[in-house]
Amino acid sequence: MRLGKFFGWLTMTLLIFGLFACDGTVSSTDASENDGLDAVPGYHPGKTKGSSASAGSSSSAKSSSSVGESSSSVAESSSAEEESSSSEEESSSSVDFFESKIKVDESGFAVITDDYLRGIDLSDASSLDDLREKLENGDNVDGFTDSGTLEFAVDDFNFSGYSYYCYTNSGDWLEITKDKLLETKLPFLWDGVAYDLRDNYSLDFSTPCQAIYIQGK
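These numbers were taken from a predicted model, which means no experiment stands behind them.

About the thresholds
Residues numbered from 1 in each chain as written. Predicted model: local features only at pLDDT ≥ 70, side-chain atom pairs only at ≥ 80, totals over all residues. Heavy atoms only, no water. Pairing = 2+ DSSP bridges. Helix = DSSP H or I, 4+ residues; strand = E, 2+ residues; numbered from the N terminus. Buried < 20%, exposed > 50% of the residue type's maximum accessible area, 1.4 Å probe, protein only. Contact = heavy atoms within 4.5 Å. Disulfide = S-S within 2.5 Å. Phe/Tyr/Trp six-rings, centres within 6.5 Å; stacked < 30°, edge-to-face > 60°.

Trainee: Hey, could you run me through the pairing of strand 8 (residues 209–216) in this one?
Mentor: As a general feature of sheets, a regular strand has side chains that alternate between the two faces. Relative to strand 8, strand 3 (residues 144–146) runs antiparallel, the two being bridged by three bridges. Each residue of the ladder has a partner; that of Asp146, found in strand 8, is Tyr213. Note: strand 5 (residues 162–168) against strand 8, seven bridges, orientation antiparallel. Of the residues in strand 8, the one forming a bridge with Ser163 is Gln215.

Structure follows, in structure tokens:
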């Protein structure tokens, strides 16, 4: 009698264990059929670690290629600027001053002496003395002013609209004129062979002049 009860209990235990095992198998099978692995953290169906690494490698290669092309462009641009600067220096140094009567220093300054300034009449000099005295007294003189400089670029002059007067260190007056300046044979002056390079040069009047005044015509 006790043996029968034991076998009954054993049978019931085996049935219960079988039901649990069957349920686990079905769950596993269902997960396989519907790709249930997408619930596993870090797993993405259809995308493997290999393809991800390949994409990252491709992106890195493109980025590296872009940086290389950019560096190459910068280098080419820098090279072009250096060539342009070099060409300008060569053009400036190729100016022939052989016929010039005025020496030009390394900074591009041509020192103008009183040999290349025009003398003026005593009456005109007297009028200029009066105008200069008024300026020094603080009076406002219409059409007459101190230039404030003894160095002029070629394009600073407008001889058709103004007259330029040099007040010399000895207190005399001389006039700066286009014709007298052309006598210097400087090649960067008007109609000269180096006129296009005139921005590289300046005329220095500090030797004969203590001041330069400009008067409107």
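Trainee: It is not clear to me how the side chain of Arg198 should be interpreted in this structure. Could you clarify?
Mentor: As for its placement among the helices and strands, Arg198 is situated in the loop between helix 4 (178–182) and strand 7 (202–204). What makes Arg198 buried here is its relative accessible area of 18%. Not counting the four nearest positions on each side in its chain, Arg198 is found in contact with Val154, Asp155 and Phe188.

Trainee: Just checking my understanding: could you explain the state of the cysteines for this structure?
Mentor: Two cysteines whose sulfur atoms are joined by a covalent bond form what is called a disulfide. Tallied over the full model, the rule gives one disulfide. For Cys166, the disulfide goes to Cys209, at an S-S distance of 2.0 Å. One quick way to see it: the torsion about the S-S bond of Cys166 and Cys209 is about -120 degrees, and its sign makes the bridge left-handed. Of the two residues, Cys166 is situated in strand 5 and Cys209 in strand 8; the sequence distance between them amounts to 43 residues.

Trainee: Where do I start with the packing of aromatic side chains in this structure?
Mentor: What describes a pair of aromatic rings is the distance from one ring centre to the other and the angle between the planes of the rings. One pass over the full model with this rule turns up 14 aromatic pairs. When the centroid spacing of 6.3 Å and the interplanar angle of 80 degrees are considered together, the rings of Phe152 and Tyr164 count as edge-to-face. Here Phe152 is found in strand 4 (residues 151–152), whereas its partner Tyr164 is found in strand 5, with twelve residues between them in sequence. For Phe152, a relative accessible area of 5% gives the class buried. Judged by relative accessible area, Tyr164 falls into the buried class, the value being 2%. Members of the aromatic cluster, each reached through a chain of ring pairs, are Phe152, Phe157, Phe159, Tyr164, Trp190 and Phe205.

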